[in-house]
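The chain contents come next:
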Amino acid sequence: MKPRCLNAMAALIIVSLLLGLSGCGKKAEQETVKDTITVDTAVVKNLDITKYTGYIGTVKGSNEVAVMSNLPRRVTAVYVTEGKAVQQGQVIVSLDRSKLDAAVQQAEAAVASARAAQAANEVQKQTALDNYNRMKQLHDAAAVSDQAMETAKVQYDALNTGAAEAGVAQAQAALSLARQNLADCEITSPISGIVGRLDVAVGDTTNMQSPVAVINNTADLEIEVKVSEADISTVQTGTTVRVQINAVGKEPLTGTIKSVASVADPVTRTYPVKVSLPNNDAAQVKSGMFAEVMLGTQHRTGVLGIPMVAVLPKSGESTVFVVNEENRAQAVIVQTGLNDGSYVEITGGLQAGQRVVTKGNTLIDENSLLGFADDGGFIQ
């Protein structure tokens, strides 16, 4: 019985040792996994990079008109509301017509009077002409004196000065002005579009320096930005640009450069650039919104580049963590060039094909053991 007990005890000891060794192995493996930091990476590649410079402007309808009043008169009716569609020639505001109807009637009477005076002048002129011709015949026959003939000529010339015709023209001009003043009491829309803003209400008195309304067509929008002389040479008509309007969303819209001024503004020394922006119901872009136009001012082709998130500023230098052959992090100081907001040009410190850490790089340090959540590629 004793040898048997000894054998059983020996077997138990061996099994315990084996289980202990197995547990130590698992623990070591767990510690190794725990020390590994999972990161995203990207491969250093050749790509094209464009530097964008943002310029701020205000959106407005490409066909936008401030409707002005030609008379300082009281508003008696407003026929539209903001956001309402209007047609060209449609009456939007009426002004007080009192006394203007009477002014038109008075001007019409003045025209009639001037025309009557002109007709009377014609009769008198013909009579004077006939008298002058008789006097001339008598003078040629030595039947009347030189003075009598001269008197007849002066009478005819006095009726032939054109004063009667001028009186008619003056009266007609006064009538036209009176009729225009009366017509100006009906303020109409000069274009078809949307009432973007309404600045008067019933009872207000119009100001000839301030608009009563703004009519615009927001189907086609326009943004004007002032570009510096350093960037204007890179801006060309017809180029597509990104337009960021935070009021309608984070996704940029696409516009097209419509015109580029060739002469600088004498005050700001900048060049006006107009960008056209098609509108749609989904975007809901409205006149007056602020917009940032991103102009491509510098371009590099076929340069080494990596995502900007891979670059960390440290002690005044740009640092990138490169994955070495042992899957450990290695800090490398790099020199950078242009960036487009997503990718940055690398002018020194890296080579094509190297793998850099793009996510998780703030959690690692030199020689950190890395695990990978990606395949190391990135999309241009």
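Right above here is the structure, for reference.
What counts and what doesn't
- Residues numbered from 1 in each chain as written.
- Predicted model: local features only at pLDDT ≥ 70, side-chain atom pairs only at ≥ 80, totals over all residues.
- Heavy atoms only, no water.
- Helix = DSSP H or I, 4+ residues; strand = E, 2+ residues; numbered from the N terminus.
- Buried < 20%, exposed > 50% of the residue type's maximum accessible area, 1.4 Å probe, protein only.
- Areas by Shrake-Rupley, 256 points an atom, 1.4 Å probe, with all protein chains shown as cover.
- Salt bridge = Lys/Arg side-chain N within 4 Å of Asp/Glu carboxyl O.
- Contact = heavy atoms within 4.5 Å.
- Core = buried A, V, L, I, M, F, W, Y, C linked by side-chain atoms within 4.5 Å.
- Phe/Tyr/Trp six-rings, centres within 6.5 Å; stacked < 30°, edge-to-face > 60°.
- Lys NZ or Arg CZ within 6 Å of the ring centre and 35° of its normal.
- Pairing = 2+ DSSP bridges.
- Axes fitted to C-alpha atoms, helices over the stretch in contact; angles between N-to-C directions.
- Expected span 1.5 Å × (residues − 1).
- Arc of directions from axis to C-beta.

Participant: Would you mind going over the overall build of the protein chain in detail, with residue names and values included?
Facilitator: Scanning the protein chain from terminus to terminus reveals 4 helices and 18 strands. Buried residues in the protein chain amount to 32% of all 380 residues. Of the accessible surface of the protein chain, which amounts to about 22,500 Å², a share of 53% is contributed by carbon and sulfur atoms.

Participant: Report on the pattern of salt bridges, specifying residues and quantitative values.
Facilitator: Any two side chains of opposite charge can pair, so long as their charged atoms come close to each other. Inspection of every chain in the model, using the stated rule, returns 10 salt bridges. One salt bridge connects aspartate 157 with lysine 153, and the closest N-O pair in it is separated by 2.9 Å. Placement of both aspartate 157 and lysine 153 in helix H3 (residues 146–158) is noted, with a separation of 4 residues, approximately one turn of the helix. Residue aspartate 157 is classed as partly exposed on the basis of its relative accessible area, which comes to 34%.

Participant: Before we move on, can you summarise the environment of alanine 213 with the specific residues and values?
Facilitator: Relative to the assigned elements, alanine 213 resides in strand E8 (residues 211–227). Ignoring anything within four residues of it in the chain, the contact list for alanine 213 reads Val65, Ala66, Val67, Ile92, Arg197, Leu198 and Asp199.

Participant: Summarise the nonpolar core; cite the residues concerned and give the values.
Facilitator: Within the largest apolar cluster, 27 residues are counted, with the highest numbers of intra-cluster contacts made by Ile92, Val93 and Ile187. Broken down by secondary-structure element, the contributors of at least two residues to this core are strand E5 (91–95), helix H2 (100–140), helix H4 (163–183), strand E7 (193–198) and E8. Membership of the second largest hydrophobic core comes to 22 residues, among which are Tyr55, Val275, Val285 and Met289.

Participant: I'd like a rundown of the packing of aromatic side chains, residues and numbers included.
Facilitator: We describe a pair of aromatic rings using the distance from one ring centre to the other and the angle between the two ring planes. As enumerated under the stated definition, the model contains 0 aromatic pairs in all. The ring of tyrosine 52 has arginine 242 sitting right over it, with the charged end atom 4.2 Å from the ring centre. Positioned above the aromatic ring of phenylalanine 372, the side-chain terminus of arginine 355 is 4.1 Å from the ring centre.

Participant: Outline the sheet that holds strand E6 (residues 186–188), supporting the account with residue identities and numerical values.
Facilitator: Taken together, 3 strands build an open sheet; the order of strands is E3-E5-E6 and the sheet is antiparallel. Each edge of the open sheet is held by one strand with a lone partner, namely strand E3 (75–78) and E6. Neighbour-to-neighbour, the strand axes of this sheet turn through a mean angle of 25°, independent of strand direction. As defined by bridge partners, E5 adjoins E6 across 3 bridges and the pair is classed as antiparallel.

Participant: How would you explain the side chain of threonine 270 if you had to name every residue and give the values?
Facilitator: In this fold, threonine 270 is placed in the loop between strand E10 (253–260) and strand E11 (271–278). Setting aside residues no more than four positions away along its own chain, threonine 270 makes contact with Lys226, Val227, Ser228, Ala264 and Asp265.

Participant: For the environment of valine 334, give the residues involved together with the corresponding values.
Facilitator: Looking at the element boundaries, valine 334 is found in strand E15 (residues 329–339). Here valine 334 is in contact with Ser318, Val320, Ile346, Gly348, Gly349 and Leu350, once residues within four sequence places are set aside.

Participant: Describe H2, with residues and values.
Facilitator: A rise of 1.5 Å per residue sets the reference length of H2, with its 41 residues, at 60 Å; its end C-alpha atoms lie 59 Å apart and thus fit the reference within 8%. Among the residues of H2, Leu100, Val104, Ala107, Val111, Ala114, Asn121, Lys125, Ala128, Asn131 and Tyr132 are the ones counted as buried. Buried residues in H2 make contact with H3 and H4. Where H2 terminates, the next one or two residues include alanine 142, which has phi positive at roughly 65°.

Participant: Can you break down the environment of glycine 196 residue by residue, with the values?
Facilitator: By the element assignment, glycine 196 lies in strand E7. Take glycine 196: its relative accessible area is 39%, and that puts it in the partly exposed class. Apart from residues lying up to four places away in sequence, glycine 196 is in contact with Val214 and Asn216.

Participant: Go over H4 with me, naming the residues and quoting the values.
Facilitator: Helix length check: H4, at 21 residues, gives a terminal C-alpha distance of 30 Å against a target of 30 Å (1.5 Å per residue), a fit within 8%. Among all positions of H4, only Ala164, Val168, Ala171, Leu175, Ala178 and Leu182 are buried. One side of H4 holds all its buried residues, which, seen down the axis, span an arc of 90°. More than 90 degrees from the buried face of H4, the exposed residues found are Ala163, Gln170 and Leu177. Among the structural elements, H2 and E6 are those in contact with the buried residues of H4.

Participant: So what about the pairing of E15? Which residues, and what values?
Facilitator: Relative to E15, strand E14 (residues 317–323) is paired through 6 bridges, and the arrangement is antiparallel. Residue pairing across strands places threonine 319 opposite isoleucine 333, the latter belonging to E15. The loop that links E14 with its antiparallel partner E15 comprises 5 residues; one of these, asparagine 327, has a positive phi angle of about 60°. Where E15 and strand E16 (residues 343–348) come together, 3 bridges link them in antiparallel fashion. Residue pairing across strands places threonine 336 opposite isoleucine 346, the latter belonging to E16. Between E15 and E16, which pair antiparallel and follow one another directly, the connecting turn spans 3 residues, one of which, glycine 341, has a positive phi of 95°.

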